Amino acid sequence: MIGERATSKAVQALDASLQEDLEALRSDGLFRPLRVLESAQGPEVVINGRPLVSLSSNNYLGLNTHPRLVGAAERAAVEWGAGTGAVRTIAGTQTLHEELERRLAQFKRTEAALTFQSGYTVNVGVLGSMLDKGDCVVSDKLNHASIIDGIRLTKADRILYEHVDVDDAERALSEARAKGYRRVLLVTDGVFSMDGDIAPLKDLVERAEKYDAAVMVDDAHATGVLGSNGRGTTDHFGLHGRVALNIGTLSKAVGVVGGYVCASQAVRDHLIHKARPFLFSSSHPPSVVAACIAAVDVLESGQELIDQLWANTRHFKEGLRSLGFDLGRSETPITPVMCGEAPVAMQLSDLLLKRGVFAQGIGFPTVPRGQARVRTIVTATHTREQLDRALEAFADAGAKLGLR
Ligand SMILES: *Cc1c(COP(=O)(O)O)cnc(C)c1O
């Protein structure tokens, strides 16, 4: 072990108690070593010295290695330094940070925007600071973990509704209104990350409006994927001006790291004063911010990469379907290959790896028991040859496991 040293009894006791918990994970087959990439995140990656077709990233458009983003990051680091050394509210806001926020607001067609360190922290910061005792949040049962954690931080009441069930959402909204809460906020993922289905946002907004409730949509998997130039589900459904809080991440299709909320100036001002991750954690390095601005430039400059993403998605999905796989509810590039029990998903993932394809198996608790899957995401930068190679691997491995 690296840096092994004599440790005190107290340190050893902590480790021993953690080992007990880890043993439980191992016996449930849930202990997973980290997979280490020996290459950039691309359509192919190198793991343990082997090149593999990667279907495991959220790098939808390949922007992480786009020359405009890399060039912008490089120039910004030279001109502005490697880090900011402060939180946004003290000395960590540079002209670059404000420029990115103006650009994001323009892109999402809102009055204002505010960036956070990640998509996770934006949800925790927004939900944790906007809702309080006397308020109520109405939330889809399958919303992302960062939304669930944000809700846990509020003293607001919460009512869950069945996944994408608009009538059940209305039941929750009317229940909330009847109780006389001050703020009622309906929260949904725009695209759900494990199933790849799209929230019925237009219907949800209409129902919410009936009960004077505001809507928050998390477009982590929709930005760069749906809507004109990848503006997300609000644009896809023509709902500009009717969604109070447009959440997004800079870590997926945008190709860098970070999160943001596009909303009114009032929301921005509120968050600057109240959102704890914004107040108590340092701001993005200039290279990150400059790369994100370059990503917005690329998105605004044309639709080609997004068209390529969808062409690849259609090709890959048709391939999997014609092989007889069950793709669940997917309507987007997120394509689960349903396997039933978790060990089957892990076996499929292992067989694919042997055949040169990197696609992770996912089981409980990330997805419900009995709905384990191998989750795939193709990107704009995969070649047809790579996708066809992946389909051949699925054909072989799926036949061995009786999945097709
Ligand atoms: C990935 C994801 C996040 C977290 O984004 P990060 O920038 O990786 O922290 C938040 N919400 C949803 C719906 C996501 O899929």
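For the structure, see preceding data.
Note that the coordinates shown come from a computational prediction; the quantities given were computed from them, not determined experimentally.

Tell me about the site of the ligand, residues and numbers included.
Taken together, 15 residues are adjacent to the ligand, and G119, D218, T249, S251 and K252 come closest. In the model, a nitrogen atom of the ligand is placed 3.4 Å from a nitrogen or oxygen of the H144 side chain. Between the ligand and the protein, one listed contact pairs an oxygen atom with a side-chain N or O atom of T249 at 2.7 Å. Burial of the ligand by the protein amounts to 86% of the accessible area it has alone, namely 380 Å².

Lay out the environment of D149 with the relevant residues and their values.
Secondary-structure assignment places D149 in helix 5 (residues 145–153). Among residues more than four places away in sequence, those in contact with D149 are Y120 and V124.

With reference to specific residues and values, describe the sheet that holds strand 8 (residues 245–249).
Pairing in this open sheet of seven strands is mixed, and the strands run 3-9-8-7-6-4-5 from one edge to the other. Two strands in the sheet have a free side with no partner beyond their single neighbour: strand 3 (112–116) and strand 5 (157–161). Here the average twist between neighbouring strands, direction ignored, is 20°. Bridge count for strand 4 (residues 136–140) against strand 5 is five bridges, and the pairing is parallel.

Can you lay out the packing of aromatic side chains for me, pointing to particular residues and giving the numbers?
Evaluated as defined, the whole model comprises three aromatic pairs. Each ring, one from F325 and one from F394, has its centre 5.8 Å from the other, and the planes form 80°; the classification is edge-to-face. Note that F325 is positioned in the loop between helix 12 (304–322) and strand 10 (334–340) and F394 in helix 14 (residues 384–400), a separation of 69 residues in sequence. Summarising the burial analysis for this pair, F325 and F394 share the class buried.

If you had to explain the nonpolar core to someone new, which residues and values would you point to?
Y60, L61, L69, L100, L104, L226 and L250 are the most contacted members of the largest nonpolar core, which has 40 residues in total. No other element matches helix 11 (residues 286–301), which puts 11 residues into this core. Built from parts of two domains, this core gets at least three residues from each of domain 1 (32–60 + 304–401) and domain 2 (66–301). Each residue touching L61, except ones within four places of it in the same chain, is listed here: G224, A253, L299, L305, I306, L309, A380 and T381. Membership of the second largest hydrophobic core comes to 26 residues, among which are L323, L351, V374 and F394.

Outline helix 3 (residues 95–108), listing residues and values.
With 14 residues, helix 3 extends 20 Å between its outermost C-alpha atoms, agreeing within 8% with the 20 Å of an ideal straight helix rising 1.5 Å per residue. Buried within helix 3 are the following residues: L96, H97, L100, E101, R103, L104, A105, F107 and K108. Those residues of helix 3 that are buried are in contact with helix 2 (67–80), strand 3, strand 9 (259–263), helix 9 (265–274) and helix 11.

Tell me about the pairing of strand 6 (residues 184–189), and please be specific about residues and values.
In terms of residue burial, strand 6 counts as a mostly covered element, since six of its six residues are buried. Here strand 6 shows two buried faces, one formed by V184, L186 and T188 and the other by L185, V187 and D189. Sheet topology places strand 4 next to strand 6; four bridges connect them, and they run parallel. Note on strand 6: the bridge partner recorded for V138 is L186.

How each quantity is defined
Residues numbered from 1 in each chain as written. Predicted model: local features only at pLDDT ≥ 70, side-chain atom pairs only at ≥ 80, totals over all residues. Heavy atoms only, no water. Near = heavy atom within 4 Å. Polar contact = N/O pair within 3.5 Å; in protein donor to acceptor, adjacent residues only side chain to side chain. Areas by Shrake-Rupley, 256 points an atom, 1.4 Å probe, with all protein chains shown as cover. Helix = DSSP H or I, 4+ residues; strand = E, 2+ residues; numbered from the N terminus. Contact = heavy atoms within 4.5 Å. Pairing = 2+ DSSP bridges. Axes fitted to C-alpha atoms, helices over the stretch in contact; angles between N-to-C directions. Phe/Tyr/Trp six-rings, centres within 6.5 Å; stacked < 30°, edge-to-face > 60°. Buried < 20%, exposed > 50% of the residue type's maximum accessible area, 1.4 Å probe, protein only. Core = buried A, V, L, I, M, F, W, Y, C linked by side-chain atoms within 4.5 Å. Domains from an automatic or database assignment. Expected span 1.5 Å × (residues − 1).

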